[in-house]
Structure formats: C-alpha cells, structure tokens
Number of protein chains: 2
Amino acid sequence: MDKNVYCVIMAGGGGARLWPKSRWSKPKQFLDIFGTGKSFIRLTYERFAKLVPTENFMVVTNVQYKDMVLEHIPELDESQVLCEPVGRNTAPCICYAAYSLRKRNPEAKMIVTPSDHMIMQEEEFREIISELLDFITGHNVLMTVGLTPSRPETGYGYIQKSDNNKISRVKCFTEKPNLELAQTFVQCGEFFWNSGIFIWKVKDIISAVAKYLPEHHALFSSIDDAYGTMREKEAIEQVFSVCRAISIDYGVMEKADNVYVRCGDFGWSDVGTWGSLYLLAHKDKYANAKPDDRCFTYDTRNCIISLPKEKVAVISGLREFIVVDTEDILMICPRSEEQNIRKYIDEVKFHMGDKHQ
Amino acid sequence: MDKNVYCVIMAGGGGARLWPKSRWSKPKQFLDIFGTGKSFIRLTYERFAKLVPTENFMVVTNVQYKDMVLEHIPELDESQVLCEPVGRNTAPCICYAAYSLRKRNPEAKMIVTPSDHMIMQEEEFREIISELLDFITGHNVLMTVGLTPSRPETGYGYIQKSDNNKISRVKCFTEKPNLELAQTFVQCGEFFWNSGIFIWKVKDIISAVAKYLPEHHALFSSIDDAYGTMREKEAIEQVFSVCRAISIDYGVMEKADNVYVRCGDFGWSDVGTWGSLYLLAHKDKYANAKPDDRCFTYDTRNCIISLPKEKVAVISGLREFIVVDTEDILMICPRSEEQNIRKYIDEVKFHMGDKHQ
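Since the model is a prediction, treat every value here as computed from it, not as a measurement. (Residues numbered from 1 in each chain as written. Chains lettered and ligands numbered in written order. Predicted model: local features only at pLDDT ≥ 70, side-chain atom pairs only at ≥ 80, totals over all residues. Heavy atoms only, no water.)

Residues and elements named next belong to chain A. For the structure on display, the rule yields 47 salt bridges over all chains. Of the charged contacts, one joins Asp 204 and Lys 201 as a salt bridge, the two residues approaching to 3.2 Å between their closest N and O atoms. Side by side, Asp 204 and Lys 201 carry an identical accessibility label, which is buried. (Salt bridge = Lys/Arg side-chain N within 4 Å of Asp/Glu carboxyl O. Buried < 20%, exposed > 50% of the residue type's maximum accessible area, 1.4 Å probe, protein only.)

So, about the sheet that holds strand E12 (residues 295-298) of chain A. Read across the open sheet, the five strands follow the order E12(A)-E14(A)-E16(B)-E15(B)-E13(B); overall the sheet is mixed. In this open sheet, the two strands that pair with only one neighbour each are E12 of chain A together with strand E13 (304-306) of chain B. The mean angle between the axes of side-by-side strands here comes to 5 degrees, regardless of whether they run parallel or antiparallel. Across four bridges, the pairing between strand E14 (residues 312-316) of chain A and strand E16 (residues 329-334) of chain B is parallel. (Pairing = 2+ DSSP bridges. Helix = DSSP H or I, 4+ residues; strand = E, 2+ residues; numbered from the N terminus. Axes fitted to C-alpha atoms, helices over the stretch in contact; angles between N-to-C directions.)

The next point concerns the pairing of strand E12 (residues 295-298) of chain B. All names here are of chain B. Of the two faces of E12, the one lined by Cys 295 and Thr 297 and the one lined by Phe 296 and Tyr 298 are each fully buried. Pairing analysis gives four bridges linking E12 to strand E14 (residues 312-316), with the strands arranged parallel. Bridged to Phe 296 within E14 is Val 314.

Once that is clear, we can look at the relation of the copies chain A and chain B. Note on the identical chains: chain A maps onto chain B by a rotation of 180 degrees and an axial translation of 0.0 Å, with an RMSD of 0.1 Å. Taken together, these values place the two copies in the relation of a two-fold axis. Nearest to the rotation axis, the C-alpha of Glu327(A) is located 4.1 Å from it, this being the minimum over chain A. Interface overlap between copies is the fraction of interface residues in one copy that are interface residues in the other; for chain A against chain B it reaches 100%, indicating a shared surface. (Least-squares fit on C-alpha atoms with pLDDT ≥ 70 in both. Contact = heavy atoms within 4.5 Å.)

Our next topic: the interface of chain A and chain B. Facing the 36 residues of chain A at the interface are 36 residues of chain B. Both faces combined, the contact of chain A with chain B buries some 2,700 Å², and carbon together with sulfur accounts for 66% of it. Between Asp325(A) and Lys311(B) there is a salt bridge, with the nearest N and O atoms lying 2.5 Å from each other. Summed over the shared surface of chain A and chain B, the result is 17 residue pairs in polar contact (both at pLDDT 80 or more). Secondary structure elements with two or more residues in the side of chain A that touches chain B: E12, E14, strand E15 (321-325), strand E16 (329-334) and helix H11 (341-352) of chain A. (Buried area = accessible area lost by both parts, 1.4 Å probe. Polar contact = N/O pair within 3.5 Å; in protein donor to acceptor, adjacent residues only side chain to side chain.)

On to the pairing of strand E1 (residues 5-11) of chain A, then. Residue and element names in this part refer to chain A. In terms of residue burial, E1 counts as a mostly covered element, since seven of its seven residues are buried. Along E1, one buried face is formed by Val 5, Cys 7, Ile 9 and Ala 11 and the opposite face, lined by Tyr 6, Val 8 and Met 10, is buried too. One ladder, built from six bridges, connects E1 with strand E4 (residues 109-114); its direction is parallel. What sits directly across from Val 8, in E4, is Val 112. Since E1 and strand E2 (residues 57-62) lie parallel, the crossover through helix H1 (residues 40-49) that links them has a hand, and here it is right-handed. (Right-handed = clockwise from strand over helix to strand, strands pointing away.)

Next up, the structure:
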C-alpha cells in the first residue's frame, strides 16, 4: 500500500436523513440499517482499508460523535478522529483534514468519502479508486467520482462531463435540478450523479482553496503550528467559530478549472431517503419491504416498514406507505410525502424540545 | 347500607378486546384506557362501593389475575377474590359466587357486574340499582339491566320487553343479530342492549340453575362444605375441570320465565371495541381521537390513535384508521376491519408463541 495515500471519512451528519430511525443522538452513519451487523461508517472503513494503511485514516466528525466513531472503528487511534466543534458544511471539514495532513505529509494523496453511503460492488469500486490514485500522481487535478444516473432523482447534484474519455474534464455542476431538468440529464448521457467522493493531492486541494476560498485558506493556514499539538483543539474551535459554512462543491469544485470526473457503476446508493432504501431492500410478494418474521401484513402493498428489534406489527390496508417505528417515535406517512420529513422533525422539535431529535 | 347486598365483579376476561392494548398478561379490566388514573375494575368497585359494604364485594377472576385484582382494589381481603382455575364462561363464574355466597348468607341479594364497562352517569345508575334491589325483595325474579340502543350494534345481545312498565317481563333474548335485524330492533323501541348486569336473590338464581343447568347445580352443590375452607381451592379445581362452559344468558336467562328487565340510560359503554372507544373519546377538529400533546397528524381524519406513555407519533395521510402502538406490538388497521383483530391475535400467536398475548 502507498504510504502517501490517506482516507478522510466525513462523518459529521446530524441525523435528518432516514428520520426517525436516525437521530441527532445516533445519526445514519452509525446505523446498521440492513441488519448486516455493520454500520455504514464501519463498512466505509472496511471498504478503504484494503487500499489505505490503518494509520492513514482520518475521520472528521462532530465532537459529540468522537466516542461513537472509536467504538465503530476501534482500529483507529484517538488522534485520527478530527473533531469539529460545530458543523460548517463540507468545505471547512475538508480544510481541517487537508491542512493538518499537509503538516504531517506534504506529499499526501487524499481520498475523501462520505461515511453513510452504500456500495454493493466493492471490488469494482476499489479498482476505480486505484486508477484515480495513479492518475493524480501525474496530474494536478481535483478528481470526483460520478455515478451513471438510474432515475431522474431531484435530490442529488449532477456533474456534466466535457468529453468521452474515461476520465473527463468537468464542464458543469448542477445541484438538485427540477424533475424536467433531471429527466433531460438522464436521457442526455453526459450527466452523472455527484457521489461526494473526491481524490486529490493535498497540495492541489490547498491551492484551490487558496484561490477560491481565500478566507478559509487564511484561517486554516494561520493555525499551522497548532496541528498535531495540544493547542489544536483550542485553535480549531476559534477557526470554526468564525469560518463561513459552505460546501466544497459550491466553494471549490464548481469554480476550479482542473476538476475531472471518472464515472463508475458499482452499485452505489446514498440511502439518503426511505425511498432509496425501499429500492434496495428485499421485498415480499406484495412488494412490501419489512421484517419478514414479525410483521404481519394484510391488504398492504408497496410499503416500507421498519421496526425496533423484537417488535411485532400487524398492518392492514396500507398502500405505498412508510411506517417507521422506533423506541420513542412512530412515523406513518405516504411514500410520496417523504420530502415532508424535515417539516415533521421541526414540528416535533418545536413541541417536544430536543429530546426526540 | 343493606348488609344482605353483595356485589360480584366478574373479572375473568383474557384480553382479546382492545388488543393489542389489552393482553392476556394485562387484560382490559386492568387498563386505564382514558388516562383517568383509574382502571376499569377500580372504577367498577368505586361505582358500587356507595351501595355495598366493602366486605360484601366478591371478585371472580382467573387465578393468574388474583394479585392484580388485589393491587387495583387493595380494600379487599384475599378471601374476597374467587379464583377460577380456567375460564368457563359466565355461568360457572356466577355459580361459584352464588353457591359459596349461599353458604355464607342464604338471604343474600347479589348484584353481578362486568369489570370492564364504562358508566358515565353514576348517580342515575345507582338509583336504578337501588330501585331493583328493592324490587327483588318482594319478587322472586331474575333482574337484568337493559340499555336504550343508540345504534344498530351487531356485536351485542338484545332483550325484548313484553310491556311498557318501567320494570318489564322479558319476552325474548337475541344474541348478536345481523345488521338488518339490529336496525329493526332499534326502530321498534321494544328492544334493549343486554348490559350483562344482573340483580337477584341468591336463592332465586340457584333455583334457576337447578332447573335449567342441573349438571352445574349438582357440581357446585356437591362441594358445599368446602366453600370458605382450606379445601375450597382443590374442590373448585375439580368442579371447573369437568363443568361445561356456557354463558348465563344462554344457560339460564333465555330459558327462565321470571326474567325482568329495567331499562336505563346512564351513559353506558362496554368499550369492547376500538370503534366504541372512538365514539366516547375526545376528538380534535379533524375527528381524530389521539394524545393531543405528542401525536402530530397531517392530512389525517377520523382516526383513533393510541400510544404508549411518552411516545411521539407523526402520522400523515390516514383516513378512518386505528393505530395502536404498545411496547411490543404495533397495529395499524382500517376502522372498518376491526372485526379481524381476533384473526390478527391468532396469527401473531401462531408465529410468535404466547409471548405477545
């Protein structure tokens, strides 16, 4: 394994996706939603552990999840978990990892990955990552991994490529298009879903941040002598308290002229919605995704049903519903209304306080 | 208070009604379904405690519920709880109470009442009971209390009166008529719902049992010297092991010629179904009966929603549904399908064993 290759796992998500199964107190990356015995973050670690030495992993997360990260990936040393005092979107998260990594190894190559996605065909995926690690050795580029879109999803970002090479320069990014535009994108063949997986040399991403996010560059450079010391925590708290929240896509990738995309097709899903989970799940003959052994359905079709361990359910007369039961929250809503979950979270929070978040 | 008046509370029900809120492990009579702080059996005891001396109460129940009865009515002595080794319907239950009571006080007057009904206007109710206790002093009759039917309920028994006196001889009993017949009954004005509340002298019910259920009479008479002694438990076990299961209505009331009914109108409900509970419950402006403070509904109408303490629910897009969540079972079904609950119980029992009963 190349000792210059590092894997940065972004694990700061706060639990709005797949609510009420995921919560602020236990967000999606720590859930074992398919009952495989392994959480999303654990699977993410194992996926890259065949390419990256254990000591070269870094997990960036909210300080509140530090212990949970170490519990799910006990292979890591405490120093490998970078704690954000508050979430400031992906650009500050990546800056923290990149600037502290530069101090440790200026020749570092970085893989950046979300912690809560699913990849079914890991061998194919790792081949692509290896290929891209080779590619960035000889090219000063910011690589993204794109996915061939299988449906006109309006919740994702799309990447347009500029030519037909396997590794192609990016022409344009489009965040969350409307349905009509998404349909055009899918038909056209030039557009890919943005996986949120990036590969670059640490010096290339820092050059890009310096150019497109100069405030962030100034802030994260200014504490260079604190990285890896006792003063890091305090310095980072100060930086995060003033740095602007912005995504790496919007702040850097959409503006830089050296962004490339490599499209892949390796059974990816962000499992970010109950709808996407429904697509992936095993379904019974009435197209219900449910725990087979303790969920009894009558006249019920095309539903996704999630229950706490050992709970029994009897469900009759539902069509295309999401039923998610947890220890403290029960949610029942039509699959077509899933976009309202954010509203439900806010209403529960408004009336009940933070207890159920 | 008349020292010859006794109140027999029948509390042997096994939890099929209002399932999954009620269970074999905690049947309906022990539930506080309206959140008043008092269970049905507690309310039943308090309702009659203004007419009957504490020491004249008897509760007949399954041996498994003995401790629960004493917990809900701590005023009672252990000897006042008659334990059935197995349920054999109401005739053996009433025989046990009547024959053991005869030994203690041959002049006893008995009020027999279910333990899991609701009565909203207790003063009016007690006036009727007092009037009937007076009436049976001078008449050797079996009194029942009837209710003016408010809807063509097909799940109840109906009593037809033979004249227009306040206390009228019963012409006929009809168990669970079909809808057409029930509609005729309601329109005709001669029919009343059978409340399952009976008032009689102990010697009159025993005469009737001797005549119409001679086997039961022989069995319960044969252990006369065991009542109130150390041998009672063993003797009763033997009697119950051989005696035929039969209801008092079918075994005695439908056959005897000295049955009278006094109709009343005192806010009665057997709360035997989620539908009847829905009728009684406070409803929001969308006609949902639900815990106001922690059940958030959207586009949801005419539903009844029951949640465990402190549980939060978010429910969207349901019409006329029953949603009952408990610690170990979740049930969602259309209100029109409530008659299937018995089937659900059987299926859960078949697959999961008795754990969830």
